[in-house]
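Here's the letter readout for the chains.
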Amino acid sequence: MSVRVIGIDACKAGWVGISGERRGYFGATIEQLISSAEQDGPLAVVAIDIPIGLPVDVSRQADVLARRLIGKRSSSVFSTPVRAALLAATHAEASTLNRAATGKGLSQQAYALRTKILEVDAWSRTTHHQVIESHPELCFATIAAHPLAHRKSTWAGVEERRQILAEAGIAVPSDLGLAGELAAVDDVLDAAAVSWAAQRHAEGRAVKYPDPPEPVEDGALAAIWV
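A brief structural summary. All residue numbers refer to position in the chain's written sequence, counted from 1. The predicted nature of this model means local features are confined to residues of pLDDT at least 70 and side-chain atom pairs, given and counted, to a pLDDT of 80 or more, with totals for whole chains, interfaces and linings taken over all residues. With hydrogens and water excluded, all non-hydrogen atoms of the structure serve as input to the side-chain values.

## With respect to the pairing of strand 3 (residues 24-27)
Successive residues of a regular strand alternate their side chains across the two faces of the sheet.
Here comes step 1: At least two DSSP bridges between two strands are needed for those strands to be called paired. Numbered from the N terminus, helices here are DSSP runs of H or I no shorter than four residues, and strands are runs of E no shorter than two. Judged from the four bridges that link them, strand 2 (residues 14-19) and strand 3 form a sheet pairing that is antiparallel. Looking at the pairing, G17 lines up with Y25 of strand 3.
Here comes step 2: Linking strand 2 back to strand 3 in an antiparallel pair, the connection comprises four residues, with R22 at a positive phi of about 70°.

Dropping the structure here:
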């Protein structure tokens, strides 16, 4: 492997990462996770399962396309909120602000992730790393060439995803250190899936949705890579 990459997913305690060489990393913040991972060498590409690039007044095309492509697992892709909604003090206020801007309310799931979305938003603007947004369900569906049959929170879903990763040559080790102690099983598998997208991006083989990326808030470009 000529360059190091990492796939990152949010977990209850912070962030979990799986590197291209299948090492596990944990950080209470995204900066702590990257710092931990770079003790083993610099990272060329960082893929994160979190929205990067906030909409202004319409739903992001990246979210619309991803939902369409993953079929029955479409509920795993929420519509990215506008910034004002993420800064709101309550879910009710956030939903009202988001509806006023985009015509759509805000899910509890999206509101619950607000601190992590804003954390990555701030970090990605200043880091020297190449950071891309990815989505594990879209990665799994792309590898398998079909939408997944089972929810990731079920035993059948875990086994389905482990098999898909194995087919892509990704064997997640049993010992992931602190990451294995603090992250849920589905979070680890999701991080491994987006590490696949990070590697493809480093090799110039990744596909982005939409293509070209969509201009969003502050002229940022939003796309989900697999």
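## A few points about the pattern of salt bridges
Here comes step 1: When a carboxyl oxygen of Asp or Glu lies within 4 Å of a side-chain nitrogen of Lys or Arg, that pair is called a salt bridge. Counted by the stated rule, this structure contains 15 salt bridges.
Here comes step 2: Salt-bridge contacts for E217 lead to R83; the nearest nitrogen and oxygen are separated by 2.6 Å. On the criterion of sequence distance, the pair formed by E217 in the loop between strand 6 (208-215) and strand 7 (221-225) and R83 in helix 3 (residues 83-86) is long-range, its members being 134 residues apart.
Here comes step 3: Under the scheme applied here, a residue whose accessible area is under 20% of the maximum for its type counts as buried, over 50% as exposed, and between as partly exposed, the area being computed with a 1.4 Å probe on protein chains only. Given the relative accessible area of 14%, E217 is considered buried.
Here comes step 4: Among the ionic pairs, D190 bridges to K152, the shortest N-O distance being 2.7 Å. A residue pair is termed long-range when its members are at least 10 positions apart, and D190 in helix 10 (residues 185-202) and K152 in the loop between helix 7 (136-144) and helix 8 (155-167) qualify at 38 residues.
Here comes step 5: The exposure class assigned to D190 is buried, which follows from its relative accessible area of 1%.
Here comes step 6: A relative accessible area of 29% places K152 in the partly exposed class.
Here comes step 7: Among the charged side chains, a network of salt bridges with common partners joins R83, D121, R125, E217 and D218.

## Structural notes on the sheet that holds strand 4 (residues 45-48)
Here comes step 1: With mixed pairing, seven strands are arranged side by side in an open sheet as 3-2-1-4-5-7-6. Edge positions in the sheet fall to strand 3 and strand 6, since each has one partner strand and no second. Neighbour to neighbour, the strand axes of the sheet diverge by 30° on average, direction disregarded.
Here comes step 2: Across the face of the sheet, helix 6 (residues 114-126) comes into contact with strand 1 (5-11), strand 2, strand 4 and strand 5 (130-134) while running at roughly 60° to strand 2.
Here comes step 3: In this fold helix 10 packs onto strand 1, strand 2, strand 4, strand 5 and strand 7, with an angle of close to 150° to the strand it touches most, strand 1. Here the axes come from fitting lines to C-alpha atoms, over the contacting stretch only for helices, and the angles between their N-to-C directions go from 0 to 180 degrees. Any two residues having at least one pair of non-hydrogen atoms within 4.5 Å are treated as being in contact.

## Brief notes about the side chain of R161
Here comes step 1: With respect to the secondary-structure elements, R161 resides in helix 8.
Here comes step 2: Note on R161: relative accessible area 1%, which makes it buried.
Here comes step 3: Those residues in contact with R161 that lie beyond four places of it in its chain are R73, E137, F140, L148, H150, R151, K152 and L189.

## Side note on the nonpolar core
Here comes step 1: Take the buried residues of types Ala, Val, Leu, Ile, Met, Phe, Trp, Tyr and Cys, join any two whose side-chain atoms come within 4.5 Å, and each joined set is a nonpolar core. Counting residues in each nonpolar core, the largest one holds 40 residues, and the members touching the most others are V16, C139, F140, L165, V172 and V188.
Here comes step 2: Counting only elements with at least two residues in this core, the list comes to strand 1, strand 2, strand 4, helix 2 (61-69), helix 7, helix 8, helix 10 and strand 7.
Here comes step 3: A total of nine residues in this core trace back to one element, the largest contributor, which is helix 10.
Here comes step 4: Not counting residues up to four positions away in its chain, the partners in contact with V16 are G7, I8, D9, C11, Y25, L33, A179, A183, D187, V188 and A191.
Here comes step 5: In this structure, I8, I50, A94 and Y111 belong to the second largest nonpolar core, which totals 27 residues.

## Examining helix 10
Here comes step 1: The span expected for a helix works out to 1.5 Å for each residue beyond the first. For helix 10, spanning 18 residues, the distance from its first C-alpha to its last is 26 Å, which sits close to the expected 26 Å at 1.5 Å a residue.
Here comes step 2: In terms of residue burial, helix 10 counts as a mostly covered element, since 16 of its 18 residues are buried.
Here comes step 3: Just beyond helix 10, the residue with positive phi is G204, at close to 75°.

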